[in-house]
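One-letter residues, chain by chain:
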Amino acid sequence: MNVDIPSSLPNDAKRILDVVLAFNSKTDYLGILDIILTKMMEATFSDAGTLYTVDDDKLHFQIFKNNTLKISEVADNIPPIVLDDQNIDNISAYCAIHNETIIVEDVYTDKRFNFSGPEKYDNLTGYHTRSMLVIPLSSMEDGGVLGVIQLLNATEPVTGENLSYTDVYHPFGPALARIAANTLANFLHTKEIREVFLSFVELITKTIDERSHTTRNHTQKLARYCASFAEYLGEKYPPGHKYHFDEDHCEMMRITALLHDVGKLATPSYILDKRNRLTDWQMQRIESRFEIKKAQIETEYLKQHLTKEEYENAKETLKNAYELVLRINPAGFLSDEDHEKLCSINKIIVEISGQKKPLIEREDLESLQIKRGNLTDKEWIIMRDHVTVSDRILNNTVFGKYYKNVPKWACDHHEFLDGSGYPKGLKNNEIAIETCMLTIMDIFEALTSRDRSYRSAMPPEKAIGILEKLASDGKLHTELVDLFYKSRIWEGWFSNET
């Protein structure tokens, strides 16, 4: 954020405003911590500094900077300091526990704290730690300590003369520390709100996925796929490019994927979890009818209404009809030959409650005659309605400015670039790049999933071949499909699956 500071302001006011603007120029956690430490070092003419954060009654090392040694490091497996009486001789722990600013003019003569750490560091590096200023970052809301800044060696920038922190820190140092604490508090509060939102989204997602064993891992895997592809594009293309995804954009893609099927909360379970052409209760009804018909054939033979040959033929026909139903029920594709055989079965009559009826009811026959897949036309209409329900749910949810595009990206994921998708029949530029990516990942996950009981998982290469065919037909985004193939990121997605 570039803002011109008026030249008419007093020097101290300029310095404070400069720090405030700098604090608000970062949006990521480490960026915030880094700018806070950097600006506090500059404001107090410090040569070195360390920033700690407080979490779970522990002091966590985050960032260390030393201008003389030209070092700038982020914490790496450094154990935290427990904030209790046993660590009270540690100056930073004391600062956090007592919420007190501490000035040390000479660490080698000061007896209030244990400075063995700085002394060891000096022996290892040749650096000379002289003075120290330790400042608590206290929340304006409740006074709780959010972090600690430990500053070393106040030095006049031009002459190199040693300065006293007593002189340097006052009069406006405490104000800067309070501003720094407020900046960190606001960021942590925003971060907490986002984490609550994300946990709520995760809860909804798990609720959707748990409703069906056939798609139990679908949403979680799709979110991982979308985020992974977005991160790849973010690394491949520079900021400003239409395919560049920064960290926030990647998070939005993950949220979009997690919410894309939220409308399935309203989809009936018997459709959502349908494994075969027939539901379990439909199959039970058909089995019952076959048993009734078998008993009727037996009765007709015992009454001598059928000859031995007619009886054997009738049993064989019924047996073949039942085996055909069992074979067709889970099949992915129905051949013309099997379709004709089903029509023949329906000519078999069974008497139920004094009424003569076809062996297979019309509703069950419609299910068995599904050409591909396992949903009837009526069931497909209900299933597709989940997109409309998603639209109603998401567009009646307050997403605010940050996530404002998520509802549209999520609700358009069944649209195709040629206008043949649903529910709106959108075309080309009417469909966002993010949605195009989501659609590609959604199809890829469905084709390669091992959770679908009604068909086997497809090898990734074959699935990508289908994506390429859909792209050549004008349905999917050709460049994104090509980028996805060339990325090879999908190779690692299946390494841990058994």
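It should be noted that the structure appears before, not after, this text.
Only a predicted model underlies this, so the values are computations on that prediction, with no experimental measurement involved. (Residues numbered from 1 in each chain as written. Predicted model: local features only at pLDDT ≥ 70, side-chain atom pairs only at ≥ 80, totals over all residues. Heavy atoms only, no water.)

**Digging into helix α17 (residues 460-472)**
We apply this condition: A helix here means a DSSP run of H or I that spans at least four residues, while a strand means a run of E at least two residues long, and both kinds are numbered starting from the N terminus. For a helix, the expected span equals 1.5 Å multiplied by the residue count minus one. The buried label goes to any residue with under 20% of its type's maximum accessible area, the exposed label to any with over 50%, and the partly exposed label to all in between, with areas taken from a 1.4 Å probe on protein chains only. This arc is taken over the directions from the axis of the helix to the C-beta atoms. Two residues form a contact once any of their heavy atoms are found within 4.5 Å.
If you check α17, its first and last C-alpha atoms are 18 Å apart, about what 13 residues at 1.5 Å a residue would give, namely 18 Å. Those residues of α17 not exposed but buried are Pro460, Ala463, Ile464, Leu467, Leu470 and Ala471. Angular distribution of buried residues about the axis of α17 spans 115°; they occupy a single face of the element. Opposite its buried face, α17 presents the exposed residues Lys462 and Ser472, each directed more than 90 degrees away. Residues of α17 that are buried make contact with α16 (433-448) and α18 (478-487). Glycine 474 lies just past α17 and shows a positive phi near 90°.

**A few points about the pairing of strand β9 (residues 355-358)**
We count it as follows: A pair of strands is considered paired only if DSSP assigns at least 2 bridges between the two.
In this structure, strand β8 (residues 349-352) lies alongside β9, joined through four bridges in antiparallel fashion. Within the sheet, the bridge partner assigned to isoleucine 352 lies in β9 and is glutamine 355. Here β8 folds back onto β9 in antiparallel fashion, the turn holding two residues, of which serine 353 has a positive phi close to 55°.

**Some points on the pattern of salt bridges**
The condition that has to hold: In what follows, salt bridge is the name for a side-chain nitrogen of Lys or Arg lying within 4 Å of a carboxyl oxygen of Asp or Glu.
Evaluated as defined, the whole model comprises 27 salt bridges. As a salt-bridge pair, lysine 39 and glutamate 42 come within 3.1 Å of each other at their nearest N and O atoms. Here lysine 39 and its partner glutamate 42 are both found in helix α2 (residues 29-43), three residues apart, which amounts to about one turn of the helix. Taking the relative accessible area as the measure of exposure, glutamate 42 reaches 45% and is therefore partly exposed. Between lysine 371 and aspartate 336 there is a salt bridge, with the nearest N and O atoms lying 2.6 Å from each other. Residue lysine 371 is located in the loop between α13 (362-368) and α14 (377-395), and its partner aspartate 336 is located in helix α12 (residues 336-345); the two are separated by 35 residues in the primary sequence.

**So, the pairing of strand β6 (residues 132-138)**
Burial analysis of β6 places seven of its seven residues in the buried class, which makes it a mostly covered element. Of the two faces of β6, the one carrying Met132, Val134, Pro136 and Ser138 and the one carrying Leu133, Ile135 and Leu137 are both buried. Sheet topology note: the strand β5 (residues 102-104)/β6 ladder contains three bridges and is antiparallel. Each residue of the ladder has a partner; that of isoleucine 103, found in β6, is leucine 133. Of the strand pairs in this sheet, β6 and strand β7 (residues 145-154) are connected by seven bridges, and their pairing is antiparallel. By the bridge assignment, methionine 132 is partnered in β7 with leucine 152. Taking the residues that link successive antiparallel strands as the turn, the β6-β7 hairpin has six residues, and the phi of glycine 143 there is positive, at about 80°.

**A few points about the nonpolar core**
Put simply, the test is: Definition used in this section: a nonpolar core is a set of buried Ala, Val, Leu, Ile, Met, Phe, Trp, Tyr and Cys residues joined via side-chain atoms within 4.5 Å.
With 58 residues, the main nonpolar core has Phe229, Met441, Phe444 and Phe484 as its most contacted residues. Secondary-structure elements contributing two or more residues to this core are α6 (173-210), α7 (218-236), α8 (247-259), α15 (406-411), α16, α17 and α18. Those residues in contact with methionine 441 that sit more than four places away from it in its chain are Leu222, Tyr225, Cys226, Phe229, Phe484 and Trp493. Ile36, Ile63, Leu151 and Ala154 belong to the second-largest nonpolar core, a separate cluster that totals 28 residues.

**Some points on the packing of aromatic side chains**
Using the following cut-off: The aromatic pairing rule takes the rings of Phe, Tyr and Trp, using the six-membered ring of Trp, and pairs them if the centres are within 6.5 Å, calling planes under 30 degrees apart stacked, those over 60 edge-to-face and the rest tilted. When the NZ atom of lysine or the CZ atom of arginine is within 6 Å of a ring's centre and also within 35 degrees of its normal, the charge is said to sit over that ring.
In the structure shown here, the tally under the stated rule is 16 aromatic pairs. Aromatic side chains phenylalanine 197 and phenylalanine 399 sit 6.1 Å apart centroid to centroid with 85° between the ring planes, which places their arrangement in the edge-to-face category. With phenylalanine 197 in helix α6 and phenylalanine 399 in the loop between α14 and α15, the pair connects residues that are 202 residues apart, well separated along the chain. Phenylalanine 399 sits in the buried class, given a relative accessible area of 12%. Plain terms: the ring middles of phenylalanine 229 and tyrosine 232 are 6.4 Å apart, the flat faces sit at 15° to each other, and that makes the pair stacked. Taken together, the positions of phenylalanine 229 and tyrosine 232, both in helix α7 and three residues apart, correspond to about one turn of that helix. Through a chain of ring-to-ring contacts, the aromatic side chains of Tyr225, Phe229, Tyr232, Phe444, Phe484 and Trp493 assemble into a single cluster. Lysine 236 extends its terminal NZ or CZ atom over the ring of tyrosine 237, reaching a point 5.6 Å from the ring centre.

**Remarks on a nonpolar patch on the surface**
Stated precisely, the cut-off is as follows: The patches described consist of residues with a relative accessible area above 30% and no salt bridge, like charges being joined within 9 Å and nonpolar side chains (Val, Leu, Ile, Met, Phe, Trp, Tyr) within 5 Å. Here, Shrake-Rupley sampling with a 1.4 Å probe gives the accessible areas, and only protein chains in the shown set may cover a residue.
On the surface, a cluster of nonpolar side chains totalling about 290 Å² of accessible area is made up of Tyr270, Trp281 and Ile382. Along the chain, the position of tyrosine 270 falls in helix α9 (residues 269-272). Look at tyrosine 270 and you get partly exposed, because its relative accessible area is 39%.

**Concerning the side chain of serine 487**
Heads up, the condition is: Any pair of N or O atoms that falls within 3.5 Å is considered a polar contact. Within protein, one atom must be able to donate a hydrogen and the other to accept it, and sequence-neighbouring residues count only if both atoms are side-chain atoms.
Within the secondary structure, serine 487 is located in helix α18. Within the local environment of serine 487, its side chain forms a polar contact with the backbone oxygen of phenylalanine 484, the two atoms lying 2.7 Å apart.

**Topic: unusual backbone geometry**
For the bond running from tyrosine 422 to proline 423, omega is 5°, close enough to zero to count as cis. For proline 423, the location among the structural elements is in the loop between α15 and α16. Although it is not a glycine, phenylalanine 45 sits at a positive phi angle of roughly 55°. With respect to the helices and strands, the residue phenylalanine 45 is situated in the loop between α2 and β1 (46-55).

**A word on the environment of aspartate 391**
Structurally, aspartate 391 is set in helix α14. Take aspartate 391: its relative accessible area is 24%, and that puts it in the partly exposed class. Sequence spacing of aspartate 391 and aspartate 261 is 130 residues, and the spatial spacing of their C-alpha atoms is 10.0 Å.

**Focus: a negative patch on the surface**
Note the following rule: Asp and Glu are treated as the negative residues and Lys and Arg as the positive ones, with His and the ends of the chain left uncounted. Charge positions are represented by NZ for Lys, CZ for Arg, CG for Asp and CD for Glu.
On the surface, a cluster of negative charge is made up of Asp28, Glu231, Glu235, Asp246 and Glu247. Tracing the backbone shows aspartate 246 in the loop between α7 and α8.

**Let's talk about the packing of helix α11 (residues 308-328) against α12**
Between two packed helices, the angle of one axis relative to the other and the distance separating the axes together describe the packing. As a reminder of what qualifies: Here an angle of 0 to 180 degrees is reported between the N-to-C directions of two axes, which are lines fitted to C-alpha atoms, with helices fitted over the stretch in contact. Roughly parallel refers to an angle under 35 degrees, roughly antiparallel to one over 145, roughly perpendicular to one between 65 and 115, and oblique to any angle outside these ranges. Each helix crossing is assigned a hand: it is left-handed if the near helix lies turned anticlockwise from the far helix by less than a right angle, otherwise right-handed if that turn is clockwise.
α12 packs onto α11 with a crossing angle of 135° between their chain directions and a minimal axis gap of 11 Å. It follows that α11 is oblique to α12 by the angle criterion. Crossing handedness for the pair α11 and α12: left-handed. Here Ala321, Leu324, Arg327 and Ile328 of α11 come into contact with α12, specifically with Asp338, Lys341, Leu342 and Ile345.

Everything listed is a geometric property; what it means functionally is a separate question.
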